Amino acid sequence: MQTPMTEQQQGIFPAVCPLDCPDQCGLLLHKQDGKIVKIEGDPDHPVTQGAICNKVRNMTARIYDDKRLQYPMKRVGPKGEESRFERISWDEALEIITARWKELIDKEGPESILPYSFYGNMGRIGTEGMDRRFFHRMGASRLMYAICEAAGTEGYKYTMGGSYGTDPEETVHTKLFIMWGINAVSTNMHQVMLAEKARKNGAQIIVIDAHKNHTGRWADWFIPILPGTDAALALGIMHILFAENLTDQAFLEQYTVGHEELREHVKQYDPANVAAITGVPVEDIYRLARLYGQTSPSFIRIGNGIQHHDNGGMCVRTIACLPALTGQWLHQGGGAIKGNGSHLEHNIPALQRPDLRSEPARQINMNLLGSALLELDPPIHALYVYNSNPALVAPHANKVKEGLEREDLFTVVHDLFLTETAKYADIVLPATSSFENTDFYRSYWHHYVHLQLPVIAPYGESKANVDVFRLLAEKMGYEEEALKDSDEDMVRQALDHPGNPALANITYEALVDKGFMKAAVKPLFSGELRTPSGKIELYSAEMASKGYPALPTYIPLPQESELPFMFIPAPNHNFLNSTFAHNEKHVRMEKIPKLHMHEDDAAALGLINGELARVWNERGECELTVIIGQDVRRGVVVSQGLWADSPGSKTRVNVLTPDRVADMGGGATFFSGRVGVEKL
């Protein structure tokens, strides 16, 4: 029998990147004296091919950070930034937690307890396995996981029936790339690598965005657009495609419904009207539409940013219609990717076991955490946070902070660090890193499934999510066998999915042997989609039945205030949400929190490049360093990254973001806020 990797002191070991990133890279971990000393890309991985980002290359600084939690702790001071803790044992921690929960269940009912999590680690059994089983069995309030891609996923689904897109490996054959609302250089670097290969064979690369970031500077043509108006631009392109007979009539007739209705509908979106809405000049709209209509294969990479508006679901639904008009789905390298998760869908009921829940429970949108903690009736009395840091990542952060400050709220946080959220906890539990766990991973961009086996022993007294929930279940007296399943059991159950034949040959044994495997994904056409008609729905009767426009439509953003600037808090290059924001090495690489502003706006306010400015609205304020130039449009300001507050600083940008929900899926509206900016 082979010695477990955790017991081998030296060597190079296979791994997978755990971050909430579409690329999901194959990795090689170098160990010396039992510790990981180097992380590099696996050159044998067919998609990522040995290239990794700085975030992951420097991840050892995070794994062995001297601030990493090593043992359970109990709060001994007031909640908040100056909170003090003392070390306790795991037995004591579990006893405190379960005793409080049992008391609350008896007095207030199980819905008084709320789990709060997301995908701080993309391992599936650690994010949606034993945790879901445990809280189903408890009967706790349910969390709506809507902070990231909910609006766009629902909008895309109305058009395409699910998260189905082009195989990214085929985009080496693409001749025209449109990177729409995605800073791919920072957030999807291997799509950039594939585009570069295509570029050497003559492909053109267009970027449409509100900020000329790394990706905008890399493009052959950057098109700046006013935030939240992307659907109007897509409809203007459709207007020209129909008007100039640049559509594929045979494809429309065979594979779509509603193309004749759409042809009439888009006549109102003439280029002059669209230019006035979007800020994109009329001649550029014609140039873009004709390039798209005359180039095959063409491919649209739909980013996350555009869905973080009040109209985000409809925006993505609209852009998703474009490949159908020119028949791009039949061309190798053509089509679009919003996500590819439906291709690799595992057996979710078998993993999450909703059957363990005896009664329906209320659902709470994670974007409304502040309101839930302060206003919900009956109240939330206990919060269990893992795989997330809501004090930093959730919108309307000051409202979230006020909720976390409640002395009558019993909060438990399971994390690697004493995060902004953990400082408000009553009990803090130390978490393992992904390289200390068993789990399986499936990309939401490429078509590969990975298995991660433990490479290093748990850090200090840290435990994995699945281990903690098994212990909590035992302490609560829950006897269901599903709450005792091993990690291996859960991986097997998740992969055993007759409803998805693409996973038929991917088993636990095969993954142990190979590390990663490609799902047997079939082309979308000539098969049927999971829409009601089985076709691409340019006209959606289902949307009409739910009160939405049946045809793709531009819906203007609400004017939430008279403040002069639209505020876009975009991702930066060296963090991933709040991950790495606490690690000195990654902070040094990113340098400082910035606010990008057009030079004319800065001049009007008397702001000088590199000086601090106050950014404010009715929800809160930040202090950011102004970067002046022409990388954003007038009337728009862009910050990048979720920065941890340091003493004396005010850099928590989510104090400014609205907690309204988007038009679909309960999604977040991070990018629809307005702010004022002034000299300090």
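Our structure is the block above this text.
What counts, and where the lines are drawn
Residues numbered from 1 in each chain as written. Predicted model: local features only at pLDDT ≥ 70, side-chain atom pairs only at ≥ 80, totals over all residues. Heavy atoms only, no water. Helix = DSSP H or I, 4+ residues; strand = E, 2+ residues; numbered from the N terminus. Rg over C-alpha atoms; globule rule 2.2 N^0.38 Å. Buried < 20%, exposed > 50% of the residue type's maximum accessible area, 1.4 Å probe, protein only. Pairing = 2+ DSSP bridges. Axes fitted to C-alpha atoms, helices over the stretch in contact; angles between N-to-C directions. Disulfide = S-S within 2.5 Å. Lys, Arg positive; Asp, Glu negative; His and termini not counted. Salt bridge = Lys/Arg side-chain N within 4 Å of Asp/Glu carboxyl O. Polar contact = N/O pair within 3.5 Å; in protein donor to acceptor, adjacent residues only side chain to side chain. Contact = heavy atoms within 4.5 Å. 1 Å grid on protein atoms, 1.4 Å probe; cavity = no way out; pocket = protein on both sides within 12 Å on 5 of 7 lines; lining within 4 Å. Points joined across faces, edges and corners; volume = space filled by probe spheres on them. Parallel < 35°, antiparallel > 145°, perpendicular 65-115°, else oblique. Left-handed = near helix turned anticlockwise from the far one by under 90°.

A.B. asks: Give me the overall build of the protein: which residues, what numbers.
C.D. replies: For the protein, the count of helices and strands is 26 helices and 27 strands. The C-alpha atoms of the protein give a radius of gyration of 25 Å, which matches the 26 Å a tight globule of 680 residues would have. Structurally, the protein occupies a C-alpha span of about 70 × 60 × 50 Å along its principal axes. Sorting the 680 residues of the protein into buried and exposed places 62% on the buried side.

A.B. asks: Give a description of the sheet that holds strand 10 (residues 221–224) that names residues and reports values.
C.D. replies: The sheet built from five strands is open, its strands ordered 10-9-8-12-13 with parallel pairing. Among the strands making up the open sheet, the edge pair consists of strand 10 and strand 13 (335–337). Direction aside, the axes of adjacent strands within the sheet are offset by 15° on average. Pairing of strand 8 (residues 176–180) with strand 9 (residues 204–209), which is carried by five bridges, proceeds in the parallel orientation. What sits directly across from W180, in strand 9, is I208.

A.B. asks: Break down the state of the cysteines for me, with residues and values.
C.D. replies: Counting across every chain of the model gives zero disulfides. Lacking any disulfide linkage, C315 is separated from the closest cysteine sulfur, that of C321, by 11 Å. Relative accessible area serves as the criterion here: at 2%, C315 is assigned to the buried category.

A.B. asks: Explain the side chain of D439 residue by residue, including any values.
C.D. replies: With respect to the helices and strands, the residue D439 is situated in strand 18 (residues 439–442). In this structure, D439 is buried with no salt-bridge partner, the nearest side chain bearing the opposite charge being R124 at 7.3 Å. A polar atom in the side chain of D439 sits 2.8 Å from the backbone nitrogen of I125. Ignoring sequence-local partners within four residues, the contact set of D439 consists of G123, R124, I125, G126, H450, L451 and Q452.

A.B. asks: Account for the layout of surface pockets, with residues named and values stated.
C.D. replies: For the largest pocket, the calculated volume is near 1400 Å³. Around the largest pocket sit 47 residues that line it, and Y119, Y145, E149, T153 and I348 are the ones nearest its centre. For the lining of the largest pocket, the secondary-structure elements that each account for two or more residues are helix 4 (124–128), helix 5 (130–138), strand 7 (142–144), helix 6 (150–160) and helix 17 (348–352). The element contributing the most residues to the lining of the largest pocket is helix 6, with five residues. Estimated volume of the second largest pocket: approximately 510 Å³. Lining the second largest pocket are 23 residues, with H582, A644, D645, S646 and P647 sitting closest to its centre.

A.B. asks: Which residues make up the sheet that holds strand 6 (residues 113–117), and what values go with them?
C.D. replies: Sheet architecture is open: six strands sit in the order 5-4-17-16-15-6, paired in mixed fashion. Two strands lie at the open edges of the sheet, namely strand 5 (85–87) and strand 6, each paired on one side alone. Across this sheet, the average inter-strand angle for adjacent strands is 20°, counted without regard to direction. Pairing analysis gives three bridges linking strand 4 (residues 73–75) to strand 5, with the strands arranged antiparallel. Across the sheet, R75 pairs through a bridge with F85, a residue of strand 5.

A.B. asks: Could you give an account of the packing of helix 13 (residues 271–278) against helix 14 (residues 282–294), naming the residues involved and the relevant values?
C.D. replies: Between helix 13 and helix 14, the shortest axis-to-axis distance is 8 Å and the interhelical angle comes to 110°. Between helix 13 and helix 14, the angle falls in the class roughly perpendicular. Relative to helix 14, the crossing made by helix 13 is right-handed. Note on element contacts: helix 14 touches helix 13 through V282, I285 and Y286, opposite P271, A272, V274 and A275.

A.B. asks: Account for the side chain of R133, naming residues and giving values.
C.D. replies: By the element assignment, R133 lies in helix 5. By relative accessible area, R133 is classed as buried at 0%. A distance of 2.8 Å separates a polar side-chain atom of R133 from the backbone oxygen of A482. In terms of polar contacts, R133 uses its side chain to reach the side chain of D485, at 2.8 Å.

In short, shape yes, function no, at least from these values alone.
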